[in-house]
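Here is how the chains run, residue by residue.
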Protein chains: 2
Amino acid sequence: MVIPSYEDMLAAHERIRPHIRLTPIRTSDYLNELTGAQLFFKCENLQEPGAFKVRGATNAVFGLDETQAAKGVATHSSGNHASCLSYAAMLRGIPCNVVMPRTAPQAKKDTVRRYGGKITECEPSTSSREETFAKVQAATGGDFVHPYNDPRVIAGQGTCAKEFMEQADGLEFVVAPIGGGGMISGTCLTLSTLAPETKVIAAEPEQADDAYRSFKAGYIIADDAPKTIADGLLVPLKELTWHFVSNHVSEIYTASDQEIVDAMKLAWKHLRVVLEPSSAVPLATILKNRDVFAGKRVGVIITGGNVDLDKLPWN
Amino acid sequence: MVIPSYEDMLAAHERIRPHIRLTPIRTSDYLNELTGAQLFFKCENLQEPGAFKVRGATNAVFGLDETQAAKGVATHSSGNHASCLSYAAMLRGIPCNVVMPRTAPQAKKDTVRRYGGKITECEPSTSSREETFAKVQAATGGDFVHPYNDPRVIAGQGTCAKEFMEQADGLEFVVAPIGGGGMISGTCLTLSTLAPETKVIAAEPEQADDAYRSFKAGYIIADDAPKTIADGLLVPLKELTWHFVSNHVSEIYTASDQEIVDAMKLAWKHLRVVLEPSSAVPLATILKNRDVFAGKRVGVIITGGNVDLDKLPWN
């Protein structure tokens with residue numbers, strides 16, 4: 001297991017800076033009143049492909065040597081990682097192979113293809129996915145870029161917290177959603193050196209609270225098939241992300257699906273940015289734990305903005 | 001008729017700068033491909049009260065002398081001007097009286113009240129509105145701040161184009177929606193001095209195309225009660241805004257309600273910001289007039305982001 005270092009994160013930032021956006025910070029007087037905190041929202045939903053995952057993906061893609069780059073990259077994902085890796089590969093002009101369940105939403109497949117990713121479909125089961133992915137990788141020689149359990153990916157995600165601390169002074173907390181733990185791990189990586197007094201809080205859906213239970217138990221607990229509106233947060237922790245979560249996260253808070261939808265709507269209304277359900281979990285937990293955050297300067301990472309506008313959860 | 005000058009706009013910018021946001025510019029590779037143009041979107045929907053009108057409103061409010069300020073301000077509006085004037089008055093700590101038809105949406109009334117505005121209801125007719133407003137003004141002595149036919153308001157709106165030219169180089173066009181013409185007039189005021197080679201284009205709903213017909217006829221044509229999804233653009237030009245429109249606007253393009261809704265959805269999906277139907281009219285007209293804008297650097301002003309999330313026009 002190779003644990004990425006602070007220097008890896010700094011190198012990642014130099015590498016990816018030309019390919020990503022310096023995303024803006026949003027604030028809302030109304031949400032500050034409502035929570036009693038001073039909230040700063042880092043809008044990773046405003047990256048070109050709509051998610052922070054472009055950071056880790058571009059770090060992996062632009063770090064490949066020429067020989068490997070010619071063979072491209074490969075991954076399995078039905079979410080933002082697939083489109084962000086395709087986008088990064090398109091920027092470098094190299095192949096990207098993605099294994100996706102045939103049941104994945106058409107919109108997700110369309111986005112991957114728009115960025116030039118080549119999709120191989122599998123059945124919606126772990127065994128089919130692994131078998132199909134092994135075949136694709138053997139055929140193409142593409143470098144496997146895991147959605148989160150990869151030191152290059154975590155170093156890339158850590159660049160978000162570095163920018164955040166440069167854009168907003170004196171944050172006492174940074175709150176981000178947790179699924180597999182890529183963004184939280186990158187945040188821990190950066191802040192444990194850059195701002196060790198800033199507490200890292202993970203926010204998780206109640207209906208997929210495996211990270212919360214892992215955190216309390218002291219070892220990784222993985223659920224089989226959790227169901228929540230926050231569809232970016234279904235995957236379990238892996239050894240690399242567990243390292244950061246178990247060593248550097250201060251607390252994990254959870255929120256119900258209804259609380260997540262309510263927070264999402266509040267954010268759309270008062271921040272006026274389009275964020276996906278997974279990205280509303282931090283605000284939902286801040287609203288539930290007012291006593292923890294009131295009077296504090298709190299950074300919130302809005303992780304993504306890819307949502308089906310025809311199926312909004314409040315309609 | 002007092003026509004505001006470029007110096008008035010510069011003074012307005014100094015006056016309001018502490019009270020407004022320097023709103024960010026958004027771009028989208030996808031929308032650039034789709035239109036063939038290089039589009040830069042100035043996000044006035046990301047002002048705290050969600051609309052550019054906070055510029056003109058703060059300029060009027062913070063320009064009052066102490067004696068007048070003590071009596072406050074007054075206006076009639078059922079839209080963004082009412083909430084932005086209330087917001088500006090709240091910032092200065094002075095009274096704001098708003099005459100609104102009793103049929104105005106509850107959400108609009110709630111926003112005005114949240115910012116401390118005092119609402120007097122009238123019947124939904126011009127005669128009732130004027131009569132009620134005269135009474136309110138006589139009773140309070142509040143300074144009348146017209147939504148757009150006021151030199152202080154136009155000078156304030158003009159600060160948006162100044163920021164825009166500082167944030168995005170070499171714009172060949174600036175496109176903004178037109179209703180009463182406040183934003184377009186401010187844009188003309190600023191660009192006719194700062195960047196006279198930049199063409200100002202107004203975008204209007206087909207179903208409320210009185211400015212288009214005025215522009216072609218050479219005199220103000222006002223419609224009685226136009227109906228369009230772009231509910232911020234229902235009001236007619238007045239003498240001050242007609243001055244700027246007739247002298248400085250290069251062209252007015254129109255779009256149907258369906259085209260406006262389609263453009264709104266595209267913008268939500270690819271810019272990932274929440275904008276109201278009125279703010280989608282420029283993109284709708286750019287998509288319709290591809291030959292005019294292809295290959296050009298085009299600035300688009302997103303004027304507002306106040307929309308009822310429970311009644312989206314595509315659901």
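Owing to the predicted nature of the structure, the values given are computational and were not obtained by experimental measurement. (Residues numbered from 1 in each chain as written. Chains lettered and ligands numbered in written order. Predicted model: local features only at pLDDT ≥ 70, side-chain atom pairs only at ≥ 80, totals over all residues. Heavy atoms only, no water.)

> Hey, could you go over the pattern of salt bridges for me, with residue numbers and the actual values?
Tallied over the entire structure, the rule returns 34 salt bridges over all chains. We note a salt bridge from Glu 259 of chain A to Lys 288 of chain A, for which the minimum N-O separation is 3.1 Å. Of this pair, Glu 259 of chain A sits in helix 12 (residues 257-271) while Lys 288 of chain A sits in helix 13 (residues 281-288), and the two are 29 residues apart along the sequence. Note on Lys 288 of chain A: relative accessible area 38%, which makes it partly exposed. Across the pair Lys 265 of chain A and Asp 310 of chain B runs a salt bridge, and its minimum N-O distance is 2.6 Å. Taken together, the residues span two chains, with Lys 265 of chain A in helix 12 and Asp 310 of chain B in the segment after strand 10 (297-302). On the basis of relative accessibility, which here comes to 24%, the residue Lys 265 of chain A falls in the partly exposed class. Residue Asp 310 of chain B is classed as partly exposed on the basis of its relative accessible area of 45%. (Salt bridge = Lys/Arg side-chain N within 4 Å of Asp/Glu carboxyl O. Helix = DSSP H or I, 4+ residues; strand = E, 2+ residues; numbered from the N terminus. Buried < 20%, exposed > 50% of the residue type's maximum accessible area, 1.4 Å probe, protein only.)

> With reference to specific residues and values, describe the domain arrangement of chain A.
Residue and element names in this part refer to chain A. Structurally, chain A comprises domain 1 (6-51 + 150-302) and domain 2 (54-144). If you look at the interface, domain 1 gives 23 residues, while domain 2 gives 16 residues. Where domain 1 abuts domain 2, roughly 1600 Å² becomes buried across the two surfaces, and 53% of that area is made up of carbon and sulfur atoms. Together, His 19, Pro 49 and Arg 152 form the three largest contributors to the area buried by domain 1 at its contact with domain 2, with a combined 41%. At the junction of domain 1 and domain 2, the tally comes to 3 salt bridges. A salt bridge links Glu 44 to Arg 55; its shortest N-O distance comes to 2.7 Å. Here domain 1 and domain 2 share 10 residue pairs in polar contact (both at pLDDT 80 or more) between them. At the level of secondary structure, the elements contributing two or more residues to the side of domain 1 that touches domain 2 comprise helix 1 (6-16) and helix 8 (151-167). When its residues are assigned to classes, the side of domain 1 that touches domain 2 shows 8 nonpolar, 6 polar and 9 charged. (Domains from an automatic or database assignment. Contact = heavy atoms within 4.5 Å. Buried area = accessible area lost by both parts, 1.4 Å probe. Polar contact = N/O pair within 3.5 Å; in protein donor to acceptor, adjacent residues only side chain to side chain. Nonpolar A, V, L, I, M, F, W, Y, C, P; charged D, E, K, R; others polar.)

> If you had to explain the interface of chain B and chain A to someone new, which residues and values would you point to?
Interface size is often expressed as the accessible area that is lost when the parts come together. Contacts between the two partners involve 29 residues from chain B, matched on the other side by 29 residues from chain A. Counting each side, the surface lost to burial between chain B and chain A is near 2500 Å², with a carbon and sulfur contribution of 46%. Sorting the residues of chain B by area buried against chain A places Glu 48, Arg 272 and Leu 309 of chain B first, and these three jointly supply 28% of that buried surface. Scanning the region where chain B abuts chain A turns up 2 salt bridges. For the pair chain B and chain A, the number of links is 18 residue pairs in polar contact (both at pLDDT 80 or more). Breaking the side of chain B that touches chain A down by element, the ones donating at least two residues are helix 2 (29-35) and helix 12 (257-271) of chain B. Of all the elements, helix 12 of chain B adds the most residues to the side of chain B that touches chain A, at 5 residues. Its residues placed into classes, the side of chain B that touches chain A shows 11 nonpolar, 9 polar and 9 charged.

> Tell me about the UniProt feature "domain: Tryptophan synthase beta chain-like PALP" (unreviewed entry) in chain A, and name the residues and values.
Mapped onto this numbering, the UniProt entry annotates "domain: Tryptophan synthase beta chain-like PALP" (unreviewed entry) at residues 16-304 of chain A. With 47% helix and 17% strand, residues 16-304 of chain A has its two end C-alpha atoms placed 18 Å apart. (UniProt positions renumbered as here; feature names shortened; annotations may be inferred.)

> Pulling in residues and values, what's your account of the packing of aromatic side chains?
A ring pair, where both rings are aromatic, is described by two values, the distance of the centres and the angle of the planes. As enumerated under the stated definition, the model contains 11 aromatic pairs over all chains in all. Centroid distance Tyr 87 of chain A to Tyr 115 of chain A: 5.1 Å. Interplanar angle 70°. Geometry classified as edge-to-face. In this pair, Tyr 87 of chain A sits in helix 5 (residues 80-92) while Tyr 115 of chain A sits in the loop between helix 6 (106-114) and strand 5 (118-122), placing the two residues 28 residues apart along the sequence. Judged by relative accessible area, Tyr 87 of chain A falls into the buried class, the value being 5%. Centre to centre, the rings of Phe 173 of chain A and Phe 293 of chain A are 5.0 Å apart; their planes meet at 70°, and the pair counts as edge-to-face. Placement of Phe 173 of chain A in strand 7 (residues 173-177) and of Phe 293 of chain A in helix 14 (residues 290-293) is noted, with a sequence separation of 120 residues between them. Of the two residues, Phe 173 of chain A and Phe 293 of chain A, both sit in the buried class. Chaining the aromatic ring pairs together yields one cluster made of Trp 268 and Trp 314 of chain A together with Trp 268 and Trp 314 of chain B. (Phe/Tyr/Trp six-rings, centres within 6.5 Å; stacked < 30°, edge-to-face > 60°.)

> Could you give me a rundown of the packing of helix 5 (residues 80-92) of chain B against helix 6 (residues 106-114) of chain B, with the residues and numbers involved?
Residues and elements named next belong to chain B. Running from N to C, helix 5 and helix 6 cross one another at 10°; their axes reach a closest spacing of 8 Å. By the criterion of interaxial angle, the relationship of helix 5 to helix 6 is roughly parallel. Crossing of helix 5 against helix 6: the hand is left-handed. Contact residues: helix 5 offers Ala 82, Ser 83, Ser 86 and Met 90, while helix 6 offers Thr 111, Val 112 and Arg 114. Classifying every residue of the contact of helix 5 with helix 6 gives 3 nonpolar, 3 polar and 1 charged. (Axes fitted to C-alpha atoms, helices over the stretch in contact; angles between N-to-C directions. Parallel < 35°, antiparallel > 145°, perpendicular 65-115°, else oblique. Left-handed = near helix turned anticlockwise from the far one by under 90°.)

> So what about the sheet that holds strand 9 (residues 249-255) of chain A? Which residues, and what values?
Whether parallel or antiparallel, the strands of a sheet pair through hydrogen bonds between backbone atoms. Residues and elements named next belong to chain A. An order of 1-2-10-7-8-9 is seen for the 6 strands of this open sheet, with the pairing classed as mixed. The outermost strands of the open sheet, each flanked by one partner alone, are strand 1 (25-26) and strand 9. As judged from the 6 bridges shared by strand 8 (residues 199-205) and strand 9, these two strands associate in the parallel manner. The residue of strand 9 that forms the bridge with Ala 202 is Ile 252. Here helix 8 sits on the sheet in contact with strand 1, strand 2 (38-43) and strand 10 (297-302), set at roughly 135° to strand 2. Lying on the sheet, helix 12 is in contact with strand 1, strand 2, strand 8, strand 9 and strand 10; it crosses strand 9 at an angle near 100°. (Pairing = 2+ DSSP bridges.)

> I'd love a proper account of the relation of the copies chain B and chain A, names of residues and values included.
Superposing chain B onto chain A requires a rotation of 180° together with a translation of 0.0 Å along the rotation axis, leaving an RMSD of 0.0 Å. Such a combination of rotation and displacement between the chain copies is what one expects of a two-fold axis. The position closest to the rotation axis in chain B is occupied by the C-alpha of Val 273 of chain B, lying 2.1 Å away. Most of the interface of chain B is mirrored in chain A, where 100% of its interface residues are also at the interface. (Least-squares fit on C-alpha atoms with pLDDT ≥ 70 in both.)

> Give a detailed account of helix 9 (residues 182-194) of chain A, specifying residues and quantitative values.
Residue and element names in this part refer to chain A. An ideal rise of 1.5 Å per residue puts 18 Å on 13 residues; helix 9 measures up with 18 Å between its terminal C-alpha atoms. The element helix 9 is extensively covered by neighbouring structure, given that 10 of its 13 residues are classed as buried. Listed in full, the buried residues belonging to helix 9 are Gly 182, Met 183, Ile 184, Ser 185, Gly 186, Thr 187, Cys 188, Leu 189, Thr 190 and Leu 191. (Expected span 1.5 Å × (residues − 1).)

> Mind laying out unusual backbone geometry, listing which residues take part and the relevant values?
At Arg 272 of chain A, a position not held by glycine, the phi torsion is positive, near 60°. Tracing the backbone through its elements, the reader meets Arg 272 of chain A in the loop between helix 12 and helix 13.

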